[in-house]
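# Understanding the architecture of this molecule
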Amino acid sequence: MKVVFHGANASTFHPGFAELLDEAHELVLLPDHLGSDADWQDYASADVIIGIKFDETFPTPRSLKLYQVPGAGYDGIRVPELPVEADLCNCFGHEIAIAEYAMCALLSRHVPLADADARLRKGDWKYWAGGPSGMRTELGSTTIGILGYGHIGKAIAQRAKAFGMGVQVANRSMPEDQGQVDAFYEIDNFKEMLANVDVVVNTLPLAENTTGLVDGKAFASMKPNAVLMNVGRGGVVEEEALFKALKDGLIEHAFIDTWYQYPTAPDVETFPSRLPFHELSNVTMTPHMSGWTHGTIERRKQTMAENINLIGHGKEPNNRIKR
């Protein structure tokens, strides 16, 4: 089979990929922009495409058996344009990395290592045990509210519990692992949860029923000292409402890793929103990095290679998206 790695993201998974396959296949690396006739021909003749973007601007792959997204979100795939006989699959493996990011970010609010280091280098002992000025808070005394309880939500809940945090969840269905969850809310009633938690973490994907879900009314329901974290998709949190909540002090802080605008090409200077979040002091901005680790790459490579092996043997691949 011809396996096409389409774009810079997909190409990250190419090194060592052939060694994971049961049989020898033709592996082809293509750029994000199909600039030559040869690129178009390779794309159109692919049996498997690994990529994050597909729409009517690309040639129709005539013999496509599998479109494999090298991540969880497939909002960049124009599903109706895919050949009906092709399977569409995604993969995960990023939940460990994202959960570590989440706990690191939250711990930074309670354990001021950087500030303590900077002060002590100047002879300032503010955080010295025994004095009242440097007493800090503890993460374990707070409660986290998680929107969505899939791979990421479960991994965050597990680690939050390990730190002694209270865990509340808003999800479409009741979690099976009740030991990790102190309170459950139907996703349609998630605003009832907001007044009861100190941290709100969005892990939801972007879909028709999640776009703009966290809106101005949601922010008005949160505690004044609440912290919002978005590691799901940017559009789940309404852009203007988030900016206003931070600017007006409706919430205390936000950690935002998933955004509203992304670079259109490598090394292009791009602000992540049309609004000046970068001018606010109460937001920590990161460039959609929470799940991008060596471990994530290796876990996803294993999943994608297994799917190619499965379809090569005439079997159904894993993580099929219903169409």
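This section reports on the structure supplied with the text. Keep in mind that what you see is a predicted model, and the values were worked out from it rather than measured.

Consecutive side chains along a regular strand alternate between the two faces of the sheet. Most of strand β1 (residues 2–6) sits out of view: five of its five residues are buried. Judged by which residues are buried, β1 turns out to be covered on both faces: Lys-2, Val-4 and His-6 on one side and Val-3 and Phe-5 on the other are all buried. Two elements, β1 and strand β2 (residues 26–30), share five bridges in a ladder whose sense is parallel. When the bridges of β2 are listed, Lys-2 appears paired with Glu-26. Relative to strand β3 (residues 48–50), β1 is paired through three bridges, and the arrangement is parallel. Looking at the pairing, Phe-5 lines up with Ile-50 of β3.

Before going further, it helps to examine the packing of helix α3 (residues 95–107) against helix α5 (residues 151–162). Running from N to C, α3 and α5 cross one another at 45 degrees; their axes reach a closest spacing of 8 Å. Here α5 runs oblique to α3, going by the angle between their axes. In this structure, the crossing between α3 and α5 has a hand that is right-handed. Residues Glu-95, Ile-96, Ile-98, Ala-99, Ala-102 and Met-103 of α3 form the contact with α5, whose participating residues are His-151, Ile-152, Ala-155, Ile-156, Arg-159 and Ala-160. Its residues assigned to classes, the contact of α3 with α5 comprises nine nonpolar, one polar and two charged.

Now for the nonpolar core. With 32 residues, the main nonpolar core has Phe-219, Met-222, Leu-228 and Leu-242 as its most contacted residues. If you tally residues by element for this core, the top one is helix α8 (residues 239–247), at five residues. Discounting residues that sit within four places of it in the chain, Leu-228 has contacts with Val-200, Phe-219, Met-222, Val-237, Leu-242, Ile-251, His-253, Ala-254, Phe-255 and Ile-256. Core analysis: the next-biggest nonpolar cluster, separate from the first, contains 26 residues, Ala-102, Ala-105, Ile-146 and Ala-160 among them.

Moving on to the pairing of strand β6 (residues 143–147). The buried fraction of β6 amounts to five of the five residues, a majority that puts the element mostly inside the structure. Here β6 shows a buried face lined by Thr-143, Gly-145 and Leu-147 and a second buried face lined by Ile-144 and Ile-146. Direction of pairing for β6 relative to strand β7 (residues 166–171): parallel, over a ladder of five bridges. Paired with Ile-146 across the strands is Val-169, a residue of β7.

It is worth spelling out helix α2 (residues 37–44) at this point. Turning to α2, its buried residues number three or more, namely Asp-39, Tyr-43 and Ala-44. Buried positions in α2, seen along its axis, are confined to an arc of 125 degrees and lie on one side of it. Across from the buried face of α2, at angles greater than 90 degrees, the exposed residues are Asp-37 and Gln-41. Next to the buried residues of α2 lie β1, β2, β3 and β4 (66–68).

Under the defined criterion, the tally for this structure stands at eleven aromatic pairs. Considering the side-chain rings of Tyr-43 and Phe-58, the 5.5 Å spacing of their centres and the 20 degrees angle between planes classify their relative orientation as stacked. Here Tyr-43, found in helix α2, pairs with Phe-58, found in the loop between β3 and β4; they are 15 residues apart in sequence, far enough to count as distant. Judged by relative accessible area, Tyr-43 falls into the buried class, the value being 0%. By way of ring pairs, the aromatic residues Tyr-43, Phe-54, Phe-58 and Tyr-67 are connected into one cluster.

Bringing the pattern of salt bridges into the picture now. Scanning the model with the defined rule gives 18 salt bridges in all. With a closest N to O distance of 2.9 Å, Asp-115 and Arg-119 form a salt bridge. Taken together, the residues Asp-115 and Arg-119, both in helix α4 (residues 113–120) and four residues apart, mark about one turn of the helix. Sharing partners across several salt bridges, the network here consists of Glu-56, Arg-78 and Glu-81.

Quick look at the sheet that holds strand β8 (residues 183–186) now. If you walk across this open sheet you meet the seven strands as β8-β7-β6-β9-β10-β11-β12, and the pairing is parallel. Two strands in the sheet have a free side with no partner beyond their single neighbour: β8 and β12 (283–285). Averaged over all adjacent pairs, the angle separating strand axes in this sheet is 15 degrees, with direction ignored. Looking at chain direction, β6 and strand β9 (residues 199–202) are connected through four bridges and run parallel. Among the inter-strand pairings, Gly-145 is bridged to a residue of β9, identified as Val-200. Docked against the sheet, α3 engages β6, β9, β10 (227–230) and β11 (253–256), running at close to 155 degrees with respect to β10.

Turning our eyes to something else, we now look at the environment of Asp-75. You can see Asp-75 is positioned in the loop between β4 and β5 (87–89). The sequence separation of Asp-75 and Arg-121 amounts to 46 residues, and the corresponding C-alpha distance is 48 Å. Only 3.3 Å separates the side chain of Asp-75 from the side chain of Arg-233, close enough to count as a polar contact.

On to the environment of Ala-44, then. Relative to the helices and strands, Ala-44 is located in helix α2. Residue classification places Ala-44 among the buried residues on the basis of a relative accessible area of 6%. On a C-alpha basis, the gap between Ala-44 and Arg-62 in space is 6.0 Å, while along the polypeptide they are 18 residues apart. In this structure, Ala-44 is in contact with Pro-59, Thr-60, Pro-61, Arg-62 and Ser-63, ignoring residues within four places of it in sequence.

Thresholds applied
Every chain begins its residue count from 1, and numbering advances along the sequence as written. Local features in a predicted model are, by the rule used here, given only for residues with pLDDT of at least 70; side-chain atom pairs are given and counted only at 80 or more, and totals for whole chains, interfaces and linings are based on all residues. Note that water and hydrogens are dropped before the side-chain values are worked out from all heavy atoms of the structure. Summary of the burial criterion: residues with accessible area below 20% of their type's maximum are buried, those above 50% are exposed, and those between are partly exposed, where the area comes from a 1.4 Å probe applied to protein chains only. We count a stretch as a helix when DSSP gives it H or I for four or more residues in a row; a strand needs E for two or more, and each element gets its number in order from the N terminus. At least two bridges found by DSSP between two strands are what make those strands a pair. Helix axes are fitted to C-alpha atoms over the stretch in contact, other axes to C-alpha atoms as well, and angles between N-to-C directions run from 0 to 180 degrees. Under this scheme an angle from 65 to 115 degrees is roughly perpendicular, one under 35 degrees roughly parallel, and one over 145 degrees roughly antiparallel; angles in between are oblique. Crossing handedness is read from the near helix: turned anticlockwise from the far helix by less than a right angle, it gives a left-handed crossing, and turned clockwise, a right-handed one. For this analysis, residues touch if any pair of their heavy atoms sits within 4.5 Å. Throughout this entry, Asp, Glu, Lys and Arg are counted as charged residues, while Ala, Val, Leu, Ile, Met, Phe, Trp, Tyr, Cys and Pro are counted as nonpolar. The remaining residues, Gly among them, count as polar. The set of buried Ala, Val, Leu, Ile, Met, Phe, Trp, Tyr and Cys residues whose side-chain atoms join them within 4.5 Å is what this entry labels a nonpolar core. Throughout, the arc means the angular range of directions from the helix axis out to the C-beta atoms. Stacked, tilted and edge-to-face are the three classes assigned to paired rings of Phe, Tyr and Trp, where Trp is represented by its six-membered ring and a pair needs centres within 6.5 Å; plane angles under 30 degrees give stacked, over 60 edge-to-face, the rest tilted. Each salt bridge in this description consists of a side-chain nitrogen of Lys or Arg and a carboxyl oxygen of Asp or Glu lying within 4 Å of one another. Definition of a polar contact: a pair of N or O atoms within 3.5 Å, with one able to donate and the other able to accept a hydrogen when the atoms are protein atoms, and with sequence-neighbouring residues admitted only if both atoms are side-chain atoms.

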